[in-house]
Amino acid sequence: MTHEMPKLPYASNALEPVISQQTVEFHYGKHLQTYVNNLNNMVKGTPYETKGLEAIVATAPDGAIYNNAGQVLNHTLYFLQFNPKPASTVPTGKLAELINRDFGSFEDFKKAFTAEAVALFGSGWAWLSVDKNGKLVITKEANGGNPVRAGLKPLLGFDVWEHAYYLDYQNRRADHLAALWNIIDWEVVGNRL
Ligand code: MN
C-alpha cells in the first residue's frame, strides 16, 4: 500500500504564534514528506509492502523501515491533533472523566505530561495513550517510537525533536510545550479513545 501525507485541516499559518508558518512548512512539508517518501521506497519488495502503517510500527524490527513508519504515524497523529480555535480548551466527555480518574485533574495531567516531555533527553516524543484495560498512561519514546509498539493506543503526542520548535523557540523547549496546549483539539483527541 502507498502511504500518504495527512491532509492538514488548517492553513499553514493558522497555528501562529504557537507554531509558525515556517515551522509547519519545514516540519510537515519537508520532514514528514521525507519520512513518507522513505517509507514508500523502503517497503517495496519487503513483507511490509502490503501492511498498514500501525502494523508496520507494531511489528517491524528496529531499523530504517521501523524508524520511518514510526515517524509517519507519529506526525500524522501530531498534525491532526491541532486546531487554531478548538471548541474546548480542556478535555470533555469520556476523556475528561478518564483524565480526572487516572491523574486527579486536567491540571495535574498537564503537569505530569509536560514534565516527561521537558525531561526527555535528546530527540523523541511524549505520549498520552490508553492501555488494553482502559487506563490512561503517559510514556516517553526515543527517536521515532510510538506507543502502538507496546500495545497501547496513542491519543496525544508532543514532538520534542528540535525540528518541531527550534525555528520558533530555539532552546526553549518548555516554552514551546506550554504553548502547545492552546491549540490541542480535544474533540479529535477524545475521538481516538
Ligand atoms: Mn517531528
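No experiment lies behind these values; they were computed from the predicted model shown. All residue numbers refer to positions counted from 1 along the written sequence of the respective chain. Residues qualify for local features only when their pLDDT is at least 70, as the model is predicted, and side-chain atom pairs are given and counted only at 80 or more; totals for whole chains, interfaces and linings, by contrast, use all residues. The basis for every side-chain value is the complete set of heavy atoms in the structure, and neither hydrogens nor water enter the calculation.

### Topic: the pairing of strand S3 (residues 153–159)
Working step 1: Classification of residues uses two cut-offs on accessible area relative to the type maximum, computed with a 1.4 Å probe and protein chains only: under 20% is buried, over 50% is exposed, and between them is partly exposed. Secondary structure elements follow DSSP: runs of H or I no shorter than four residues count as helices, runs of E no shorter than two count as strands, and numbering proceeds from the N terminus. Here S3 lies mainly inside the structure; 6 of its 7 residues are buried.
Working step 2: Bridging between strand S1 (residues 124–130) and S3 involves 6 bridges; their strand directions are antiparallel. Within S3, the position partnered with Leu128 by the bridge is Leu156. The criterion for strand pairing is that DSSP finds at least two bridges linking the strands in question.

### Quick word on unusual backbone geometry
Working step 1: Here Glu16 and Pro17 are connected by a cis peptide whose omega angle stands at 5°.
Working step 2: Mapped onto the elements, Pro17 comes out in the segment before helix H1 (21–43).
Working step 3: In this model, Asn143 sits at a positive phi of 55°, which is unusual for a non-glycine residue.
Working step 4: One can find Asn143 in the loop between strand S2 (136–142) and S3.

### Some details on the domain arrangement of the protein chain
Working step 1: Split by domain assignment, the protein chain resolves into domain 1 (21–80) and domain 2 (93–191).
Working step 2: By the convention used here, residues are in contact when the closest approach between their heavy atoms is within 4.5 Å. Domain 1 puts 22 residues into the contact, and the matching count from domain 2 is 18 residues.
Working step 3: Summed over both partners, the accessible surface that disappears when two parts come together, traced with a 1.4 Å probe, is what is meant by buried area. Roughly 1600 Å² is buried in total at the junction of domain 1 and domain 2, and carbon and sulfur atoms are behind 54% of that figure.
Working step 4: Among the residues domain 1 hides against domain 2, the three largest losses belong to Thr23, Asn74 and Tyr78. Together they make up 33% of the total.
Working step 5: One speaks of a salt bridge when a side-chain nitrogen belonging to Lys or Arg is within 4 Å of a carboxyl oxygen belonging to Asp or Glu. The shortest N-O distance in the salt bridge between Asp62 and Arg149 comes to 3.2 Å.
Working step 6: Under this definition, polar contacts are N or O atom pairs within 3.5 Å; protein pairs additionally need one hydrogen-donor-capable and one acceptor-capable atom, and for neighbouring residues in sequence, both atoms have to be side-chain atoms. On the surface where domain 1 and domain 2 come into contact, there are 12 residue pairs in polar contact (both at pLDDT 80 or more).
Working step 7: When residues of the side of domain 1 that touches domain 2 are traced back to their parent elements, those giving at least two are H1, helix H2 (53–59) and helix H3 (64–80).
Working step 8: It is H3 that provides the largest number of residues to the side of domain 1 that touches domain 2, a total of 9 residues.
Working step 9: Here the residues of the side of domain 1 that touches domain 2 sort into 11 nonpolar, 9 polar and 2 charged. Each domain's extent is set by a domain assignment, obtained either automatically or from a database. Note that Gly is not counted as nonpolar here; it falls among the polar residues with everything else outside the nonpolar set of Ala, Val, Leu, Ile, Met, Phe, Trp, Tyr, Cys and Pro and the charged set of Asp, Glu, Lys and Arg.

### Some points on the packing of H1 against H3
Working step 1: At a minimum axis separation of 9 Å, H1 and H3 run at an interaxial angle of 140°. Comparing their axes, H3 and H1 come out oblique. Read as a crossing pair, H1 and H3 show a hand that is left-handed. Within the contact between the two elements, H1 uses His27, Tyr28, Leu32, Tyr35, Val36, Asn38, Leu39, Met42 and Val43 and H3 uses Ala64, Ile65, Asn68, Ala69, Gln71, Val72, His75, Tyr78 and Phe79. All axes here are fitted lines through C-alpha atoms, helices being fitted over the stretch that makes contact, and every angle between N-to-C directions spans 0 to 180 degrees. Roughly parallel covers angles under 35 degrees, roughly antiparallel covers those over 145, roughly perpendicular covers 65 to 115, and oblique covers all other angles. By the definition used in this description, the sense in which the near helix is turned from the far one sets the handedness, with an anticlockwise turn below a right angle giving left-handed and a clockwise turn giving right-handed.

### Section: the sheet that holds S3
Working step 1: Strand order across the open sheet formed by 3 strands is S2-S1-S3, with antiparallel pairing between neighbours. At either margin of the open sheet sits one strand with a lone partner, and together these are S2 and S3. Neighbour-to-neighbour, the strand axes of this sheet turn through a mean angle of 25°, independent of strand direction.
Working step 2: Taken together, the 7 bridges between S1 and S2 define a ladder with antiparallel strand orientation. The residue of S2 that forms the bridge with Ala126 is Lys140.
Working step 3: Lying on the sheet, H3 is in contact with S1 and S3; it crosses S1 at an angle near 70°.

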